[in-house]
Amino acid sequence: MKWVTREGAKTDRVACPWLIRKWIDPQAEFLFVPKERVLEVARLEGGKSFDCPGADYTHKDGECSFEVLVEAFRLEDPALRLLAKIVHGADVSEDVGIVPEAAGLQAAAHGFAAICHDDHRKLELEFPLYDALYAWCQAKAAGRPL
């Protein structure tokens, strides 16, 4: 399936593709388009839209798009739930203190955005960061030493 969002990916628009590819749609194809074209392109492509006003999956009731996807697809993994808190704090600036790791993810996301302007390349570069964070969350959720 094609998943459409705004160009200029940062934080939620990188975390969501990681989540989608790992947990929801392993064959997902991501399209990054101008904000005003997201809904139109999703409709024309027969895809799903995310992290954009009016999108299928976007910020709702104080949750970021990553959290909305976790809920919508009933992903109950405790490590994934912890990662969702980290992503929330990194994406929603006023909540950056929700968990200590959020500030680090926010800094990394802004750093990647500063050095890389190709959204697909950002996904390639940042997916290993999300893999590592998820592994850390698994250990933490299981009570294993970190």
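Above this note sits the structure.
Since the model is a prediction, treat every value here as computed from it, not as a measurement.

S.K.: Honestly, the pattern of salt bridges in this entry has me stumped. Any pointers?
M.R.: Close approach of charged atoms lets side chains of opposite charge pair. Applying the stated criterion across every chain yields a total of 9 salt bridges. For Asp-51, the salt bridge goes to Arg-13, with nearest N and O atoms at 3.1 Å. Taken together, the positions of Asp-51 in the loop between β3 (48-49) and α3 (65-72) and Arg-13 in helix α1 (residues 12-24) put the pair 38 residues apart, joining distant regions of the chain. Counted as one network, the salt bridges with shared partners bring together Arg-6, Arg-13 and Asp-51.

S.K.: Which parts of the structure should I look at to understand the packing of α1 against α3?
M.R.: Angle between the axes and distance between the axes: these two values describe a pair of packed helices. Across the interface, α1 lies against α3 with an axial gap of 9 Å and an inter-helix angle of 20°. Compared by their axis directions, α1 and α3 come out roughly parallel. Crossing of α1 against α3: the hand is right-handed. Together, Asp-12, Ala-15, Cys-16, Trp-18, Leu-19, Ile-20 and Ile-24 of α1 and Ser-65, Phe-66, Leu-69 and Val-70 of α3 make up the contact between the two elements.

S.K.: What's the story with the packing of aromatic side chains in this structure? I'm lost.
M.R.: Aromatic ring pairs are defined here through the distance separating the ring centres and the angle between the ring planes. Throughout the structure, instances matching the rule amount to 7 aromatic pairs. Note on Trp-3 and Tyr-57: the rings are 6.0 Å apart at their centroids and 35° apart in plane angle, and the pair reads as tilted. Taken as a pair, Trp-3 in strand β1 (residues 2-6) and Tyr-57 in the loop between β3 and α3 lie far apart in primary sequence, 54 residues in all. For Trp-3, a relative accessible area of 3% corresponds to the buried category. When its relative accessible area of 14% is taken as the criterion, Tyr-57 is described as buried. Seen from their ring centres, Trp-18 and Tyr-134 are 6.0 Å apart, and the 50° between their planes marks the pair as tilted. Here Trp-18 is found in helix α1, whereas its partner Tyr-134 is found in helix α6 (residues 119-142), with 116 residues between them in sequence. Exposure class is identical for Trp-18 and Tyr-134. Each is buried.

What counts, and at which threshold
Residues numbered from 1 in each chain as written. Predicted model: local features only at pLDDT ≥ 70, side-chain atom pairs only at ≥ 80, totals over all residues. Heavy atoms only, no water. Salt bridge = Lys/Arg side-chain N within 4 Å of Asp/Glu carboxyl O. Helix = DSSP H or I, 4+ residues; strand = E, 2+ residues; numbered from the N terminus. Axes fitted to C-alpha atoms, helices over the stretch in contact; angles between N-to-C directions. Parallel < 35°, antiparallel > 145°, perpendicular 65-115°, else oblique. Left-handed = near helix turned anticlockwise from the far one by under 90°. Contact = heavy atoms within 4.5 Å. Phe/Tyr/Trp six-rings, centres within 6.5 Å; stacked < 30°, edge-to-face > 60°. Buried < 20%, exposed > 50% of the residue type's maximum accessible area, 1.4 Å probe, protein only.

These results come straight from atomic positions and should not be treated as a statement about function.
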